[in-house]
Number of protein chains: 2
Amino acid sequence: MITIKDVAKKAGVSVTTVSRVLNNSSHPISPETRQRVLEAVAELGFLPNAAARSLQLQETKTIGLMLPDIANPYYPGIVRGIEDVAHEEGYTIILCNTDRSRERTSKYLRVLREKRVDGIIFTGGGVVEDASHDRFFWREEIPTVVIGKHPADFPSVQIDNVGAAKRAVAHLIASGHRHIACITGPEASTTSRDRLKGYREALEEAGLDYHPGLVVTGDFSPAGGYGAVQRLLGQPGLKFTALFTHNDLMAVGALKALADHGLSVPWDVAVVGFDDIPLASYVLPRLTTVAVPVYDLGLTAMRLLRDLLQGREVAPVTTLTTELVVRESA
Amino acid sequence: MITIKDVAKKAGVSVTTVSRVLNNSSHPISPETRQRVLEAVAELGFLPNAAARSLQLQETKTIGLMLPDIANPYYPGIVRGIEDVAHEEGYTIILCNTDRSRERTSKYLRVLREKRVDGIIFTGGGVVEDASHDRFFWREEIPTVVIGKHPADFPSVQIDNVGAAKRAVAHLIASGHRHIACITGPEASTTSRDRLKGYREALEEAGLDYHPGLVVTGDFSPAGGYGAVQRLLGQPGLKFTALFTHNDLMAVGALKALADHGLSVPWDVAVVGFDDIPLASYVLPRLTTVAVPVYDLGLTAMRLLRDLLQGREVAPVTTLTTELVVRESA
DNA sequence: TCCTCCATGGAAAACGTTTTCCTAGAACTA
DNA sequence: TAGTTCTAGGAAAACGTTTTCCATGGAGGA
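Residues numbered from 1 in each chain as written. Chains lettered and ligands numbered in written order. Predicted model: local features only at pLDDT ≥ 70, side-chain atom pairs only at ≥ 80, totals over all residues. Heavy atoms only, no water.

Engineer: What's the story with the domain arrangement of chain A in this structure? I'm lost.
Structural biologist: How big an interface is tends to be stated in terms of the accessible area lost upon association of its parts. Domain boundaries in chain A define domain 1 (4-48), domain 2 (60-159 + 294-322) and domain 3 (161-292). In this structure, domain 1 of chain A and domain 2 of chain A have C-alpha centres spaced 38 Å apart. (Domains from an automatic or database assignment.)

Engineer: I'm lost on the environment of T123 of chain A in this one. Help?
Structural biologist: All names here are of chain A. Summarising the element assignment, T123 is placed in strand β3 (residues 119-123). Overall, T123 belongs to the buried group, its relative accessible area being 4%. As for T123 and T98, which are separated by 25 residues in sequence, their C-alpha atoms are 9.7 Å apart. Excluding residues within four positions of it along the chain, T123 makes contact with M66, L67, P68, Y75 and I147. Polar contacts involving the side chain of T123 include one to the main-chain carbonyl oxygen of I147, which spans 3.4 Å. (Helix = DSSP H or I, 4+ residues; strand = E, 2+ residues; numbered from the N terminus. Buried < 20%, exposed > 50% of the residue type's maximum accessible area, 1.4 Å probe, protein only. Contact = heavy atoms within 4.5 Å. Polar contact = N/O pair within 3.5 Å; in protein donor to acceptor, adjacent residues only side chain to side chain.)

Engineer: It is not clear to me how the protein's contact with DNA strand D should be interpreted in this structure. Could you clarify?
Structural biologist: Neighbouring DNA strand D are 27 residues, the closest being I4 and S19 of chain A together with T17, H27 and T33 of chain B. Counting only atoms of DNA strand D within 4 Å of the protein, the sugar-phosphate share comes to 57%. Between a phosphate oxygen of DNA strand D and a side-chain N or O atom of T17 of chain B, the distance comes to 2.6 Å. Among the secondary structure elements, those contributing two or more residues to the surface near DNA strand D are α2 (15-22) and α4 (50-57) of chain A together with α2 (15-22) and α4 (50-57) of chain B. Considering each element in turn, the surface near DNA strand D owes the most residues, four residues, to α4 of chain A. Here the residues of the surface near DNA strand D are counted per class, giving ten nonpolar, 14 polar and three charged. (Near = heavy atom within 4 Å. Nonpolar A, V, L, I, M, F, W, Y, C, P; charged D, E, K, R; others polar.)

Engineer: Would you mind going over the interface of chain B and chain A with me for this structure?
Structural biologist: Listed by partner, the interface residues are 52 residues for chain B and 53 residues for chain A. Taken together, the two surfaces of chain B and chain A that pack against each other cover about 4900 Å², and 59% of this comes from carbon and sulfur. Note that R104 of chain B is salt-bridged to E83 of chain A, the shortest N-O span being 2.6 Å. The tally of links between chain B and chain A comes to 22 residue pairs in polar contact (both at pLDDT 80 or more). With seven residues, the top contributor of residues to the side of chain B that touches chain A is helix α6 (residues 102-114) of chain B. When grouped by side-chain class, the residues that make up the side of chain B that touches chain A number 26 nonpolar, ten polar and 16 charged. (Buried area = accessible area lost by both parts, 1.4 Å probe. Salt bridge = Lys/Arg side-chain N within 4 Å of Asp/Glu carboxyl O.)

Engineer: I would appreciate a short explanation of the layout of surface pockets in the present structure.
Structural biologist: Counted as a void, the largest pocket has a volume near 1400 Å³. Lining the largest pocket are 48 residues, with E114 of chain A together with P48, N49, A50 and R53 of chain B positioned closest to its centre. Of all the elements in the fold, those that place two or more residues in the lining of the largest pocket are α4, α6 (102-114) and α7 (131-137) of chain A together with α2, α3 (31-44) and α4 of chain B. Across the lining of the largest pocket, the residue classes tally to 21 nonpolar, 15 polar and twelve charged. What the second largest pocket holds in volume is close to 1000 Å³. Around the second largest pocket, the lining comprises 33 residues; the ones closest to its centre are P48, N49, A50 and R53 of chain A together with E114 of chain B. Those elements that place two or more of their residues in the lining of the second largest pocket are α2 and α4 of chain A together with α6 of chain B. Considering only residue class, the lining of the second largest pocket consists of 14 nonpolar, eleven polar and eight charged. (1 Å grid on protein atoms, 1.4 Å probe; cavity = no way out; pocket = protein on both sides within 12 Å on 5 of 7 lines; lining within 4 Å. Points joined across faces, edges and corners; volume = space filled by probe spheres on them.)

Engineer: Teacher, can you tell me more about the relation of the copies chain B and chain A here?
Structural biologist: Between the two chain copies there is a screw-like relation: a rotation about an axis and a shift along it. Rotating chain B by 180° and moving it 0.1 Å along the rotation axis overlays it on chain A with an RMSD of 0.1 Å. On this basis, the relationship between the two copies can be described by a two-fold rotation axis. Mapped onto chain A, 100% of the interface residues of chain B are again interface residues, and the two copies thus contact each other with one and the same surface. (Least-squares fit on C-alpha atoms with pLDDT ≥ 70 in both.)

Engineer: Is there a simple way to think about the sheet that holds strand β12 (residues 323-325) of chain B in this case?
Structural biologist: The pairing of strands in a sheet happens through backbone hydrogen bonds and is either parallel or antiparallel. Residues and elements named next belong to chain B. Ordered by their spatial adjacency, six strands build an open sheet running β7-β6-β8-β9-β10-β12, and the pairing between neighbours is mixed. The two strands at the open ends of the sheet, each matched to only one other strand, are β7 (215-217) and β12. Averaged over all neighbouring strand pairs, the angle between strand axes comes to 20°, with direction disregarded. Relative to strand β8 (residues 242-245), strand β6 (residues 180-184) runs parallel, the two sharing four bridges. The residue bridging C182 from the neighbouring strand is F244, located in β8. (Pairing = 2+ DSSP bridges. Axes fitted to C-alpha atoms, helices over the stretch in contact; angles between N-to-C directions.)

Engineer: What exactly am I supposed to notice about the packing of helix α5 (residues 75-88) of chain A against helix α12 (residues 294-309) of chain A here?
Structural biologist: Two numbers describe a pair of packed helices, the interaxial angle and the distance between the axes. Residue and element names in this part refer to chain A. Look at α5 against α12: their axes get within 6 Å of each other, and the N-to-C directions meet at 40°. Classified by the interaxial angle, the pair formed by α5 and α12 is oblique. The crossing of α5 and α12 is right-handed. Here α5 contributes G77, I78, R80, G81, I82, D84, V85 and A86 to the contact with α12, which in turn contributes V294, Y295, G298, L299, M302 and R303. Across the contact of α5 with α12, the residue classes break down as eight nonpolar, three polar and three charged. (Parallel < 35°, antiparallel > 145°, perpendicular 65-115°, else oblique. Left-handed = near helix turned anticlockwise from the far one by under 90°.)

Engineer: Teacher, can you tell me more about the pairing of strand β5 (residues 156-159) of chain B here?
Structural biologist: Looking down a regular strand, the side chains alternate between one sheet face and the other. All names here are of chain B. Along β5, one buried face is formed by S156 and Q158 and the opposite face, lined by V157 and I159, is buried too. Bridging between strand β4 (residues 144-147) and β5 involves two bridges; their strand directions are parallel. Of the residues in β5, the one forming a bridge with I147 is V157. In this structure, β5 lies alongside strand β11 (residues 317-320), joined through four bridges in parallel fashion. By the bridge assignment, I159 is partnered in β11 with L320.

Engineer: Is there a simple way to explain empty space enclosed by the protein in this structure?
Structural biologist: A probe as big as a water molecule, rolled over the atoms, marks out the empty space that is left. Enumeration according to the criterion identifies one cavity of 30 Å³ or more in this entry. Lining of the largest cavity is provided by 14 residues; of these, T60, T62 and K115 of chain A together with T62 and K115 of chain B occupy positions nearest its centre. Those elements that provide at least two residues to the lining of the largest cavity are α4 of chain A together with α4 of chain B. Of the residues assigned to the lining of the largest cavity, the class counts are six nonpolar, six polar and two charged.

Have a look at this one:
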């Protein structure tokens, strides 16, 4: 590997000088010298060693991105948003799939700390039980911003889950539905809790009774949605004409389950999802859902982190707006 | 930040010794000393600085992953496969979205080289025009494995695109179809070229004529598939009862276009896609498609890279098998 | 003429590790 | 007993940068 010394030798100057021209330091350099250095750099194809640089500068221009699972279609949009501004700002991203597992999370956190990442963006950790764990692992203070909710008090970017859910359910009610089932995420998910809260608020506001039998818990996966619908349909006396699922993946599973049972959407049962993942508009019938601005979520998260790293003050929580996009399923 | 020196001081030993116990070097260390060091490490919460380590060891335990766009549902599965073995092997992944842009690609390549990544996994670069460009940027020899085809001769993991396409089209023919349209990817895509080749071979083998008017080019996106179908339908005398699209995303767009035209699938026109992205089995009608083992593609790519990094010989090309999964659309 | 200041450049320390030599004593071997 | 081999540990060089000082020579001011 070719180093700054080789460049210095070739240009007939000291490494100091090479470093200065490469970083266009304010220290004066004669035009001829600069020229010679640049030529040497080009001829040798020199690229500074980032490790050496980081060691000296105490910054890595790298950030860690922790999310549950990149294979979940909810996340790639976020990642793209993050990556686009990171790239623009000269940061590089280390991808960490946590699988929401405590072990994987802390193992990755350790690596990120060893690598001395400048910052961390964390998402999908809104799991109440893990509070102590999370706080524990972050004691070291590395600048962090969170997408969604998190027990520790990092700056966060979120959406108004309860409000959005409430509007979604209100839409169903406005369409005349009185018996609205609900498929939630895992019990521990704060996101799902908020969406459930919105569901209940919408019901209450419309003077409708909350019927616990109508809410079944899923796991945010299509299979979970499919199973949930089967459980719903399996209860003899249970009647419902609409379905609110806490994410699109489950909605898609639900759609299939409904079709398998010969129920047609939206005639027999209307369904509205949450997230507006890309596939939502391609499924048949096209899914009515709450559009979460995933790309923007990522974008602003990274911007916040950048501000944090530049020592600026950032808002403790910034809320992005969602939109109910009405398509064919409800 | 706390360093190895602090640990050494606290344990009353030299940094040499600390380093030795931390790396369980073969150099003998008395149990008591080891104990004292470990305690100091734990008490201080010391984590070695990876930059300093890399500088000395000349390895970063980091690999670069270059792909067109993580938001394309074809890729997350691959990434997961890569990440899982990387994590297991102690490697960390830097994510690079190239957008298939020459500029972004070379900018990222530069960063990866500055960061001295131990290796690179490249995918989605099978674009013939870029041969010189790619070769140029890789002249520096950093161990690389490629998923799919690539002009430079790196070890690669691929699938048999022509064979798979041929079998898919043969399936349509076996179902009695004689007029089979085809929606391709961009002209420059080698993947698409291979799939087109398979299409023609299947036709030829069945003694059917190849009709250029039946193949229209898309761009691997749903919108591209939608538009392609419209163009097909817009040609007055054109008749086709089946459609082979070069990826599922376009198939999904095609499904929608067909529905919008009042054509029912598979009765009026049968469609088969390619990739078997997760959504393929949730779209209605469920999509018949060629299942590409994306996770395994990533898995083996990373394993190959690991072998490469360990100095082992690896096969120049390893081909994974695909499977035609017949669902409802054809 | 002497002094000061500026333009230009370099030497060396520092960043935090790993590893190559060394050293010193203890335990063998002959 | 004398030499050799282990065991246990440390000093310092090296990895490749950036940056703080310091040096030199010429220009400008008195």
